[in-house]
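Chain by chain, the residues run as shown.
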Amino acid sequence: MSISPRGPLRGTLTVPGDKSISHRSLMFSALAVGESRIEGLLEGEDVLATAAAMRAMGATVERGADDIWRVHGVGVGGLLQPAQALEMGNSGTSTRLLMGLVASHAITATFTGDASLSSRPMNRVIDPLSKMGAEFTASPGGRLPLMVRGLCPAVPIEYTLPVASAQVKSAVLLAGLNTPGITRVIEPVPTRDHSERMLRGFGAELTVEDSPAGKIISITGEAELKPQHIVVPGDPSSAGFWMVAASIVPDSDVTIANVCLNPTRAGLVTALKLMGADITELNPREVGGESVADLRVRHAPLSAIEVPPELAPSMIDEYPILFVAAACAEGRTLARGAHELRVKESDRIAVMAEALTAIGVAVEEFEDGLAIQGSGGDPLPGGAQVASKLDHRIAMSMAVAGLVARAPVSIDDVAPVATSYPNFFATLDALTE
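Residues numbered from 1 in each chain as written. Predicted model: local features only at pLDDT ≥ 70, side-chain atom pairs only at ≥ 80, totals over all residues. Heavy atoms only, no water.

A. Highlighting the overall build of the chain. In terms of helices and strands, the chain carries twelve helices and 23 strands. Taking 2.2 N^0.38 as the reference for a compact globule, 433 residues should give roughly 22 Å; the C-alpha atoms of the chain span a radius of gyration of 21 Å, in line with that estimate. When the backbone C-alpha atoms are referred to their principal axes, the chain occupies close to 60 × 45 × 45 Å. Counting the 433 residues in the chain, one finds 59% classified as buried. Sequence-distant contacts in the chain: of pairs separated by 6 or more residues, those separated by 24 or more amount to 75%. Carbon and sulfur atoms form 51% of the exposed surface of the chain, whose accessible area is close to 15,100 Å². With 34 positive and 49 negative side-chain charges, the chain shows a separation of 1 Å between the mean positions of the two kinds. (Helix = DSSP H or I, 4+ residues; strand = E, 2+ residues; numbered from the N terminus. Rg over C-alpha atoms; globule rule 2.2 N^0.38 Å. Buried < 20%, exposed > 50% of the residue type's maximum accessible area, 1.4 Å probe, protein only. Contact = heavy atoms within 4.5 Å. Areas by Shrake-Rupley, 256 points an atom, 1.4 Å probe, with all protein chains shown as cover. Lys, Arg positive; Asp, Glu negative; His and termini not counted. Charge placed at Lys NZ, Arg CZ, Asp CG, Glu CD.)

Here's what the structure looks like:
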């Protein structure tokens, strides 16, 4: 697909339901006894892979004509042996969290995925789950395809996260749901806390306390989860593309409705405001234990910053689009402390460095981030084809870059966008009519 400037973005839009919350709402509903209802579920390929996996393990998961998803759960401990391999597509979240679920059930499951997911290491989840008694047969390097043999009863552990990863934390907590006793995760650096909020909402006995070592999250096993009615707020990662697009395209004025602003997810809003972005939070409210607001974003000149490294966990998925904002700012932006970008759907540091360089942006690459020399608000040169490397966020970020380029920016493959934001390009058309 080739993207060129289209003039200002104007209008009000909604973004798809939050991906993290969508995955968890399906999993936890499948472990509750009774019917849960989910409104606003993200219907991208990643979340549909989770829905298919929960069906394969015994839950009834159906989408109604009213767009509400209804899940009849099997109860904690009630997961059934899947008849065939669980196909995860491109979804690392589905894979890692479901490995945790399977680890404490007396079942065996095989996980497969596409080429991108199959290149991503799973050892960070395999290590703690092995301590709980699960057995793993993985491809070389701890990669997919891999097989998990769960142990029931599993062994409760106390595990300190070696890297800031909400997926690893959640995998251990989910294994702890069906493990007798108390399973503890110690989190030296805070990460997104949707699992903790939602598990409490479903009735799990879960506590969070501060300590010198970090947050200690404790879950009491053999839990009984109660069905819930969940309204999924808009995904802040998806909203990020429009925040940046409206900030860098002159005369833009966009309102993004119903965005999740959980403090562990709002790092991009903080970073853009530090750069001078004109972002106003309208109608702040709480929905299902999550902070939500409508965001009005108007074009504003951006200035380079040194991105505070402590923001990294709260905006780890938004770095690719932040790099595009930096490319349009006045001065040299330094964004470091984001080692996790190396093991996402692609190596997002290397891939964004290559893509931005191709369209004429001066970039310096570090092991944990990038330094980017901005254009001071002038159009980017453009005029190149860039590789998305099967990564939805790379494809959407470079599409936004194309909106402020002198010559068209071509993206080799935009099909991966369907994993998280199937209507992205239709929304772009609507905002630029």
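What follows picks up the thread again.
B. Fine view of the pattern of salt bridges. Inspection of every chain in the model, using the stated rule, returns 28 salt bridges. Among the ionic pairs, R192 bridges to D317, the shortest N-O distance being 3.4 Å. Of the two residues, R192 sits in the loop between strand 11 (182–187) and helix 6 (194–201) while D317 sits in the loop between strand 18 (306–307) and helix 9 (319–327), which places them 125 residues apart along the sequence. Of the two residues examined, R192 and D317, each falls in the buried class. Two residues, K273 and E281, come together in a salt bridge whose shortest N-O distance is 3.4 Å. Assessed through its relative accessible area of 36%, K273 is described here as partly exposed. Put simply, R120, R192, D317, K344, E345, R348 and D391 are held in one network by salt bridges that share partners. (Salt bridge = Lys/Arg side-chain N within 4 Å of Asp/Glu carboxyl O.)

C. Seen up close, the nonpolar core. One finds W242 and Y319 to be the most contacted residues of the largest nonpolar core, which totals 79 residues. With sequence-adjacent residues up to four places away left out, Y319 is seen in contact with V307, A312, A335, R336, A338 and L341. Among the nonpolar cores identified, the runner-up in size contains 66 residues, and I21, L26, A30 and I107 belong to it. (Core = buried A, V, L, I, M, F, W, Y, C linked by side-chain atoms within 4.5 Å.)

D. Spotlight on the pairing of strand 19 (residues 332–335). Of the pairings in the sheet, the one linking strand 18 to strand 19 comprises two bridges and is parallel in character. Opposite V307, over in strand 19, you have A335 as the bridge partner. The handedness of the strand 18 to strand 19 crossover, carried by helix 9, is right-handed. (Pairing = 2+ DSSP bridges. Right-handed = clockwise from strand over helix to strand, strands pointing away.)

E. How the structure looks around the packing of helix 7 (residues 236–248) against helix 8 (residues 267–274). Contact geometry for helix 7 and helix 8: axes closest at 10 Å, N-to-C directions at 10°. Here helix 7 is positioned roughly parallel relative to helix 8, judged by the angle of their axes. In this structure, helix 7 crosses over helix 8, and the sense of that crossing is right-handed. Residues G240, M243 and V244 of helix 7 lie in contact with helix 8, whose contacting residues are L268, V269 and L272. A class-by-class count of the residues in the contact of helix 7 with helix 8 yields five nonpolar, one polar and no charged. (Axes fitted to C-alpha atoms, helices over the stretch in contact; angles between N-to-C directions. Parallel < 35°, antiparallel > 145°, perpendicular 65-115°, else oblique. Left-handed = near helix turned anticlockwise from the far one by under 90°. Nonpolar A, V, L, I, M, F, W, Y, C, P; charged D, E, K, R; others polar.)

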